[in-house]
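# Coordinates in review
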Amino acid sequence: MPVFCKMIQDPAQCTSESFLSVMISLLSMYFETPPVPNIDLNEWWGPECLQGQLDTSIRPFRIEFNESMIEDLKHRLRNTRQLTPPLKDSGSEYGFNTYEMPSWLQYWAEEYPFHERERMINRYPQYRTNIQGLNVHFVRVRPEVPPGVEVVPLLLLHGWPSSFLDFYEFIPILTTVSKDRGFAIEVIAASLPGFGFSEGAVRPGFGADKIAVVLRNLMHRLGHKKFYVHGADWGSVAASNIATFFPQEVLGYHSSMPSNTSPIALILRLIGAVRPSLVVRPELADRMYPLSTRLEKLLKELGYFYLQATKPDTVAIALTDSPAGLLAYYFEKISVGTRGYYRYLADGGLQIHFTREQLIDNLMMYWVPNSIATAGRIYAESSSLRYFSSQFNSIPSDVPAWILQAKYEISYVPPWMYQLKYPNLLNETVLDTGGHFLALELPHVLAEDILKAVIEFQRWHAQRKVHIEL
């Protein structure tokens, strides 16, 4: 008797493994695997007048907090209009609590040590180079190693509203030479195009897939034909696209925000709402179900997503003009992204996990280069019909993968579901703490997990006798 018939006649005999195997087989009959799209490696995203004049040099770069910018910023902070009081006992449920604003504005304008933080931000070597018409900014830290120690390249990609600064605390961990492993890591922490000091496209269509091509070309520009990649948030999406388009070049993909929105994964997620044990381990079921609770939380917190996915330039006008508005918008997302229940706290729980300097440092990476508009457009360009019709999440990649899932991340993806996209998923690290901004919150935990992943990626390649040329 076929397995499916046995499951219907005797549901008690239906294990999660057999159920998933049968359902994936059935659904695969109706959902064809889309082809890998044609990739234009030289697609131009900069001003047309500069096309044909591409400067391929890699130029040292230094971030500067000049006095005119500082004075203008302080003037705007000091002249913020009277804010409307929050509703009584509402915490941060209606957005950032305006009673908290005066102390933050005071700190930013009068106490934030601009030049001291400028020096801190410039402590690692930074560069810019023009890729496909866009000046791309990145930090590059190469370790000094003794003979016999291999140096392997790792591309680190942040998300929104974060920056390359998220990775600063664990760069020393990654680049340290250890007797416990035969390699050290060369870190390339890039600002996503459109974010921070990386330029954004001048015409529509620059979604996460196009960003992926630019970042892959950046690695080639640096001499790395094969490399590892880690991503969080939009950085994870871009990194996954790199692994999808260039599987022979990505030696391993590590993500702290895995996702799979393929039709098969979504259908099985819905089926699991009836019987969670079919799709997720019982001790992790509350990270996915009840589905009504998860959807309610998403509806409460995704207002910014809908706005930026439809009319990003409208809100960007306010955020570009008002540092107070930028601070409130940014802090509110940091708060609920770290712990959803912080919405009930008036101060948003911001200083439980992060320092004031860290929070304002990241704000400066949007304010100084005036990049909040170009950064916000990633939502619109990656939520478009063009992007979704390509079904990137339905294209399997044989790149070895490793995922780390924090307890308070936006969503949880069971390993079997991620294997629909990455059949060579080597490991899932499950944390009983941690939120969306894991690199800032738990830098040592994330760094150690990346190192473990690279070790296993190398072992995986060695077992298959793959000759790795870096």
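So, how was this worked out
- Residues numbered from 1 in each chain as written.
- Predicted model: local features only at pLDDT ≥ 70, side-chain atom pairs only at ≥ 80, totals over all residues.
- Heavy atoms only, no water.
- Helix = DSSP H or I, 4+ residues; strand = E, 2+ residues; numbered from the N terminus.
- Rg over C-alpha atoms; globule rule 2.2 N^0.38 Å.
- Buried < 20%, exposed > 50% of the residue type's maximum accessible area, 1.4 Å probe, protein only.
- Contact = heavy atoms within 4.5 Å.
- Areas by Shrake-Rupley, 256 points an atom, 1.4 Å probe, with all protein chains shown as cover.
- Lys, Arg positive; Asp, Glu negative; His and termini not counted.
- Charge placed at Lys NZ, Arg CZ, Asp CG, Glu CD.
- Phe/Tyr/Trp six-rings, centres within 6.5 Å; stacked < 30°, edge-to-face > 60°.
- Expected span 1.5 Å × (residues − 1).
- Pairing = 2+ DSSP bridges.
- Axes fitted to C-alpha atoms, helices over the stretch in contact; angles between N-to-C directions.
- Salt bridge = Lys/Arg side-chain N within 4 Å of Asp/Glu carboxyl O.
- Polar contact = N/O pair within 3.5 Å; in protein donor to acceptor, adjacent residues only side chain to side chain.
- UniProt positions renumbered as here; feature names shortened; annotations may be inferred.
- Arc of directions from axis to C-beta.

## So, the overall build of the chain
Secondary structure assignment for the chain yields 20 helices and nine strands. Expected size for 470 residues packed as a compact globule is a radius of gyration near 23 Å; at 23 Å, the chain falls within 12% of this value. The dimensions of the chain, computed from C-alpha atoms along their principal axes, are 80 × 60 × 50 Å. Out of the 470 residues belonging to the chain, those deemed buried represent 55%. Put simply, of all contacts in the chain between residues at least 6 apart along the chain, 80% involve residues at least 24 apart. Total accessible area computed for the chain in this model is approximately 21,200 Å², and 55% of it derives from carbon and sulfur atoms. Here the chain holds 42 positive side-chain charges and 48 negative ones, and the gap between their average locations is 3 Å.

## So, the packing of aromatic side chains
Counting across every chain of the model gives 29 aromatic pairs. Judged by centre distance (5.0 Å) and plane angle (55°), the rings of Trp 45 and Phe 206 are tilted. Taken together, the positions of Trp 45 in the loop between α2 (16-28) and β1 (58-61) and Phe 206 in the loop between β5 (183-190) and α7 (208-221) put the pair 161 residues apart, joining distant regions of the chain. As far as burial versus exposure is concerned, Trp 45 and Phe 206 are alike and both buried. Between Tyr 304 and Tyr 379, the aromatic rings sit 5.7 Å apart at their centres with planes inclined by 80°, giving edge-to-face as the arrangement.

## Thoughts on helix α15 (residues 356-367)
Under the 1.5 Å per step criterion, the end-to-end length of α15 is 16 Å for twelve residues, consistent within 8% with the ideal 16 Å. Burial runs high along α15: ten of the twelve residues are buried. Listed as buried for α15 are Gln 358, Leu 359, Ile 360, Asp 361, Asn 362, Leu 363, Met 364, Met 365, Tyr 366 and Trp 367.

## Some words on the sheet that holds strand β3 (residues 134-141)
Overall, mixed pairing links the nine strands, which are arranged β1-β2-β3-β5-β4-β6-β7-β8-β9 in an open sheet. Strands with a single pairing partner mark the edges of an open sheet, and in this sheet they are β1 and β9 (425-430). Looking at each pair of strands side by side, their axes are set apart by 25° on average, direction ignored. In terms of strand pairing, strand β4 (residues 150-157) meets strand β6 (residues 227-231) through four bridges, oriented parallel. Within β6, the residue paired with Leu 155 across the bridge is Val 229. Sheet contacts for helix α8 (residues 234-245): β4, β6 and β7 (250-255); angle to β7, the most-contacted strand, approximately 155°.

## Some words on the pattern of salt bridges
Following the criterion strictly, the structure yields 22 salt bridges and no others. The partner of Glu 43 in a salt bridge is Arg 203, and the shortest N-O contact between them spans 3.5 Å. Highlighted residues: Glu 43 in the loop between α2 and β1 and Arg 203 in the loop between β5 and α7, separated in sequence by 160 residues. For Arg 203, a relative accessible area of 36% corresponds to the partly exposed category. Its salt-bridge partner being Arg 140, residue Glu 186 comes within 2.7 Å of it at the nearest N-O pair. Placement of the pair is Glu 186 in strand β5 and Arg 140 in strand β3, with a sequence separation of 46 residues. In this structure Arg 140 comes out as buried when scored by relative accessible area, which is 12%.

## Structural notes on the pairing of β4
One face of the sheet, then the other: side chains in a regular strand alternate in exactly this way. Burial analysis of β4 places six of its eight residues in the buried class, the great majority of the element. Looking at chain direction, β4 and β5 are connected through eight bridges and run parallel. From the neighbouring strand, Leu 154 faces β5, where its bridge partner is Val 187.

## What to know about the environment of Glu 381
Counting through the fold element by element, Glu 381 comes out in helix α16 (residues 372-381). Sequence separation between Glu 381 and Asp 209 is 172 residues, and the spatial gap between their C-alpha atoms is 9.5 Å. Sequence-distant contacts of Glu 381, that is, excluding residues within four places in its chain, are made with Pro 204, Gly 205, Phe 206, Gly 207, Arg 386 and Tyr 387. In terms of polar contacts, Glu 381 uses its side chain to reach the backbone amide nitrogen of Gly 205, at 3.1 Å.

## Here we look at the UniProt feature "domain: Epoxide hydrolase N-terminal" (unreviewed entry) in the chain
This chain's UniProt record puts "domain: Epoxide hydrolase N-terminal" (unreviewed entry) on residues 58-167. In the segment residues 58-167, helix accounts for 28% and strand for 24%; the C-alpha atoms at its two ends are 22 Å apart.

## Here we look at helix α10 (residues 291-301)
Because an α-helix packs 3.6 residues into every turn, residues spaced three or four apart end up facing the same way. Among the residues of α10, Leu 291, Arg 294 and Glu 301 are the ones counted as buried. Mapping the buried residues of α10 onto a view down its axis gives an arc of 110°, with all of them on the same face. Away from its buried face by more than 90 degrees, α10 exposes Ser 292, Leu 299 and Lys 300. Residues of α10 that are buried in the fold lie against α9 (263-271), α11 (303-310) and α13 (323-338).

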